[in-house]
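# Residue-level structure breakdown
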Amino acid sequence: MAGFCSLLVLLVFQSSCLGFRSPLSVFKRFKETTRSFSNECLGTTRPVIPVDSSDFALDIRMPGVTPKQSDTYFCMSMHLPMDEEAFVIDFKPHASMDTVHHMLLFGCNMPASTENYWFCDEGTCTDKANILYAWARNAPPTRLPKGVGFRVGGETGSKYFVLQVHYGDISAFRDNHKDCSGVSLHLTRLPQPLIAGMYLMMSVDTVIPAGEKVVNSDISCHYKKYPMHVFAYRVHTHHLGKVVSGYRVRNGQWTLIGHQSPQLPQAFYPVENPVDVSFGDILAARCVFTGEGRTEATHIGGTSSDEMCNLYIMYYMEAKHAVSFMTCTQNIAPDLFRTIPPEANIPIPVKSDMVMMHGHHKETVNKDKTSLLQQPKREEVLEQGDFYSLLSKLLGEREDVVHVHKYNPTEKAESESDLVAEIANVVQKKDLGQSGARESAEHERDNALLVRDRIHKFHRLASTLRPAESRVLSLQQPLPGEGTWEPEHTGDFHVEEALDWPGVYLLPGQVSGMALDPTNNLVIFHRGDHVWDGNSFDSKFIYQQRGLGPIEQDTILVIDPNNAAVLQSSGKNLFYLPHGLSIDKAGNYWVTDVALHQVFKLNANNKEAPLLILGKSMQPGSDQNHFCQPTDVAVDPDTGTIYVSDGYCNSRIVQFSPSGKFITQWGEESTESNPKPGQFSVPHSLALVPHLGQLCVADRENGRIQCFKTDTKEFVREIKHASFGRNVFAISYIPGLLFAVNGKPYFEDQEPVQGFVMNFSSGEIIDVFKPVRKYFDMPHDITASEDGTVYVGDAHTNTVWKFTSTEKMEHRSVKKAGIEVQEIKADYEHKLEGSSGRVLGRLRGKGSGGLNLGNFFASRKGYSRKGFDRLSTEGSDQEKDDDGSESEEEYSAPLPVPAPSS
């Protein structure tokens, strides 16, 4: 045994393996040295094998199993034997296709079972399961390029490896021998500058008619993430597949990623030429099948007589943008395939010494379909757990579906169509009541059987899932009088757009205000079909369009932060020109309306009847009972004190008691080019810093931020940078950091419109950010949560963006008005994608506790969100008219007549 281990290490980690070599170049040698484990178990008793001071090997093997039934899936797990971060740089399989149909290696934080091994029907992982490696058909080892690795361990990587082995036909186990198939990994502790990931393209609804000579299965999706660099690919079908091809399509030009026969060893083959994939490209793939020799139609599934159409694309990305897994399951551009290169339909010549015999994997021609009709119909509730393993089982073979990241969005109608919607579509297409069903009675029965089979699998597996638990700890704040503190931000902090977040396609009216509620949902305040333009006010700031009546649409939208679904909406027939929005720690909404010249407090559960109204309707003024176009509100979380920035035609901050009684005011209009402390030119946005007793004001037209003591109103400091330009529109505070957005540059000014991240203690800018999709035109409000997620709303493009940080943050959230919360999530990993569990989040719904499968399948035929149909607006930026019309613009600077708008 010791000699074998030495030989194993020598084979896996010999120094000559410095590049990614073609599997075909080593196939003959590998075929000669490969040993079948049918007769004896050769798994090492040393799962951790030191290689040198920085590297080690893990031997992950089945612990001597004997499957008793064909198409058995066994799983086993291994804990990463270290806490610090490591990188997988090499895979060496130990299996033979005589006994194993395929193997998958997943990474996750908690396996579905603590047993030595278990049936995978019980689940793979209790959290997300990311695929790291796939093997089939005696494929040789895989080594990644230098400097590239799959990240595991540490604060962000997987803590466990889960090996899944699919035993297809069990004829080889007639002697009841023990199987120890598995894979050896080479890991290094040395940081890798490039992080590997996998992009899976797969068909979920291909049907291959019996006797059909050529059947094409096409897949295509838009790529909407940061650039990835493809270095290897792997194709996978079953017996009927002839050739699989993958391409990047850019500006109508097809660039080959890979073109291979699935009847050759199903290894990862290196791309012939480097291929980069950027935002806006299309990824396209085609599988070519034949139905000759079959007596009935063949569908996608996991048994040896079903079929698969999979293209695995292995890529690397820069570490700060890394996404570990992405998927494409539909064909968004079927017409595109009219111009696919002819090579895609030309089978790969296979030499006789390269042909992989199917061994014991015989086709099952006669299926016992009647037994499926007799399965009891039952409805389960799907809760959070090994959801992605469940989906893969629903589709047949488990390597189809793995965790879809949020970077990640996911991703979901192209990048935004989620996997679940696609599966629902599969079932709906095969529904007996759907138009376009096969006219043949035999085909109708086949389709009905397929649907029932899949739904039965879904129901049976759903009942095995368990909800993932989340831990919450208490965050204690200093008590009044015990001193104050301000967290000093250290280390790099960078935010970038969450490209998979579909909120940019909501397209409400002019977005004027945003905040986060106590459950961390995003709340948007918008103007519906009303706009603020040059005709809105007269020279005395009196609203001139009262004849339009109040806004008839819901002006307050509660948005799921993960998938941008509209959870609630309210506020119709209440407002004329919405502006600011803040949310206090009790969840009450505080909004301002510049046409009404009023401030409203709305109950969190009943927003139709205001709890408190400050100011007189349609009456501008500057005394204790009037406002003039008030802009924002901040509410002290400890005392309930109310602060109002007032506003466009008053240059002051007004303080009220929690009951709305006037207390004091401060500030005056600035008239000089160098305004003094306490002077304002449109105080536009407020941010409380409660533990320091400070209130910060975005002094918009003076292009600066002023901070004051809330008790004495004493000026503390000014934050002003040349890169702000002439405007600072909005600010948001979280412990240690201050976020801001500026305005459009004046003629010949050079400062771009962008967002800023500042160290609050020093005021220094530590990062700037812009969106990738669309552009900032008038970013009107900004709000940030303590995990580093930032939302920006634009009043000209009517768009909301989500930005996420690359730095791990600990606190849960702080609302825009400085409202502090008392919880943080333990072991929370913040990812750049920002949409953790987006597929699961969309399915479960906020606070639903689970998914009723019957209701789910019955309701997925359309997707509407209270007037904002994501599907109808997807891909359309809906920008303002090309003629430069200002009918929907707000003025950037105050003008004498008419009154300026914001």
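Criteria and thresholds
- Residues numbered from 1 in each chain as written.
- Predicted model: local features only at pLDDT ≥ 70, side-chain atom pairs only at ≥ 80, totals over all residues.
- Heavy atoms only, no water.
- Phe/Tyr/Trp six-rings, centres within 6.5 Å; stacked < 30°, edge-to-face > 60°.
- Buried < 20%, exposed > 50% of the residue type's maximum accessible area, 1.4 Å probe, protein only.
- Lys NZ or Arg CZ within 6 Å of the ring centre and 35° of its normal.
- Pairing = 2+ DSSP bridges.
- Helix = DSSP H or I, 4+ residues; strand = E, 2+ residues; numbered from the N terminus.
- Axes fitted to C-alpha atoms, helices over the stretch in contact; angles between N-to-C directions.
- Salt bridge = Lys/Arg side-chain N within 4 Å of Asp/Glu carboxyl O.
- Disulfide = S-S within 2.5 Å.
- Core = buried A, V, L, I, M, F, W, Y, C linked by side-chain atoms within 4.5 Å.
- Domains from an automatic or database assignment.
- Contact = heavy atoms within 4.5 Å.
- UniProt positions renumbered as here; feature names shortened; annotations may be inferred.
- pLDDT = per-residue confidence, 0-100.
- Polar contact = N/O pair within 3.5 Å; in protein donor to acceptor, adjacent residues only side chain to side chain.

So, about the packing of aromatic side chains. Evaluated as defined, the whole model comprises 29 aromatic pairs. Ring geometry for Tyr247 versus Trp254: centroids 5.3 Å apart, planes at 80°, classification edge-to-face. Here Trp254 falls in the buried class, since its relative accessible area comes to 16%. Through successive ring pairs, a cluster of aromatic residues spans Phe74, Tyr117, Phe119, Tyr167 and Phe173. Sitting over the face of the ring of Phe760, Arg717 holds its NZ or CZ atom 4.6 Å from the ring centroid.

Let's shift gears to the sheet that holds strand S47 (residues 737-742). Note: strands within a sheet are paired through backbone hydrogen bonds, in either parallel or antiparallel orientation. Strand order in the open sheet made by the 4 strands is S46-S47-S48-S49, with antiparallel pairing throughout. In the strand order of this sheet, the two ends are held by strand S46 (728-734) and strand S49 (765-769), each with one partner. Averaged over all pairs of adjacent strands, the angle between their axes in this sheet comes to 20°, without regard to strand direction. Note that S46 and S47 share 6 bridges and pair antiparallel. Residue pairing in the sheet places Ala730 in a bridge with Val741 of S47.

Let's shift gears to the pairing of strand S30 (residues 556-559). In regular strands, side chains alternate between the two faces of the sheet. The two faces of S30 match: Ile556 and Val558 on one face and Leu557 and Ile559 on the other face are all buried. Here strand S29 (residues 522-526) runs beside S30; their pairing, made up of 4 bridges, is antiparallel. Residue pairing in the sheet places Ile524 in a bridge with Leu557 of S30. The antiparallel hairpin formed by S30 and strand S31 (residues 566-570) contains 6 residues in its connecting segment, where Ala564 sits at a positive phi of about 65°.

The next subject is the pairing of strand S11 (residues 182-188). In terms of residue burial, S11 counts as a mostly covered element, since 7 of its 7 residues are buried. By the alternation rule, side chains of S11 split into Gly182, Ser184, His186 and Thr188 and Val183, Leu185 and Leu187, which are all buried. Relative to S11, strand S2 (residues 55-61) runs antiparallel, the two sharing 7 bridges. When the sheet's bridge partners are listed, Ala57 is paired in S11 with His186. Pairing of strand S4 (residues 86-94) with S11, which is carried by 7 bridges, proceeds in the antiparallel orientation. Looking at the pairing, Val88 lines up with Leu187 of S11.

This part is about the pattern of salt bridges. The tally for this structure, following the rule as stated, stands at 15 salt bridges. A salt bridge links Arg250 to Asp276; the shortest N-O distance between them is 3.1 Å. Taken together, the residues Arg250 in strand S16 (residues 241-250) and Asp276 in strand S18 (residues 269-277) connect sequence positions 26 residues apart. Its relative accessible area of 25% is what places Arg250 among the partly exposed residues. Salt-bridge contacts for Arg773 lead to Glu497; the nearest nitrogen and oxygen are separated by 2.8 Å.

In total, this model carries 6 disulfides according to the counting rule given. Between the sulfur atoms of Cys221 and its disulfide partner Cys328 the distance amounts to 2.2 Å. Measuring handedness by torsion sign, the sulfur bridge of Cys221 and Cys328 sits at about 90° and is right-handed. Pair noted here: Cys221 is in strand S14 (residues 215-222) and Cys328 is in strand S22 (residues 325-328), with a separation of 107 residues, a long-range link. Across the pair, exposure class does not vary: Cys221 and Cys328 are buried alike. Disulfide partner of Cys628: Cys649, at an S-S distance of 1.8 Å. Between Cys628 and Cys649 the disulfide shows an S-S torsion of about -95°. By sign, it is left-handed. With Cys628 in the loop between strand S35 (610-614) and strand S36 (630-635) and Cys649 in the loop between strand S37 (642-646) and strand S38 (652-656), this pair connects stretches of sequence that are 21 residues apart.

Here we take up the nonpolar core. The biggest cluster of nonpolar side chains holds 92 residues, and the ones touching the most others in it are Ile60, Phe161, Leu185, Leu187, Tyr199 and Met228. Of the domains in this structure, domain 1 (45-192) and domain 2 (194-357) are the two that each give at least three residues to this core. Discounting residues that sit within four places of it in the chain, Leu187 has contacts with Ser54, Asp55, Phe56, Leu58, Leu80, Ala86, Phe87, Val88, Val152 and Phe161. Leu581, Ile583, Leu596 and Met618 belong to the second-largest nonpolar core, a separate cluster that totals 23 residues.

Okay, the sheet that holds S29 next. Reading across the sheet, the 4 strands line up as S28-S29-S30-S31 and stay open at both edges, with antiparallel pairing between neighbours. Bordering the open sheet on either side are strand S28 (511-516) and S31, each of which pairs with just one other strand. Each strand of the sheet is rotated relative to its neighbour by a mean of 20°, with strand direction disregarded. Where S28 meets S29, 5 bridges bridge the pair, whose relative direction is antiparallel. Its bridge partner being in S29, Leu516 is matched across the sheet by Leu522.

Right, let's get into the UniProt feature "binding site: Zn(2+)" (unreviewed entry) in the protein. Under the UniProt annotation, "binding site: Zn(2+)" (unreviewed entry) lies at His579, His684 and His780. The annotated residues occupy 202 residues of the chain but converge on a single region, no pair of C-alpha atoms lying more than 9.6 Å apart. Here His684 lies in strand S42 (residues 683-689). Looking at the secondary structure, you find His780 in strand S50 (residues 779-784).

So, about the confidence of the model for the protein. Counting all residues, the mean pLDDT for the protein is 74, and 68% of those residues have values of 70 or more. Between residues 1-40, whose pLDDT stays under 50, and residues either more than four places distant or in other chains, the model counts 75 contacts. Within the model, the stretch residues 808-902 combines pLDDT values under 50 with 320 contacts to residues more than four positions away or in other chains.

Right, let's talk about the environment of Gly513 for a bit. Within the element layout of this structure, Gly513 appears in strand S28. The spatial distance from the C-alpha of Gly513 to the C-alpha of Pro578 is 7.9 Å, given a sequence separation of 65 residues. Here Gly513 is in contact with Val523, Ile524, Phe525, His579, Leu581 and Asp781, once residues within four sequence places are set aside.

The next point concerns the environment of Val215. Its place among the elements puts Val215 in strand S14. Taking C-alpha positions, Val215 is 9.5 Å from Gly241, a pair spaced 26 residues apart along the chain.

Before going further, it helps to spend a moment on the side chain of His526. Structurally, His526 can be placed in strand S29. Within the local environment of His526, its side chain forms a polar contact with the backbone nitrogen of Gly528, the two atoms lying 3.0 Å apart.

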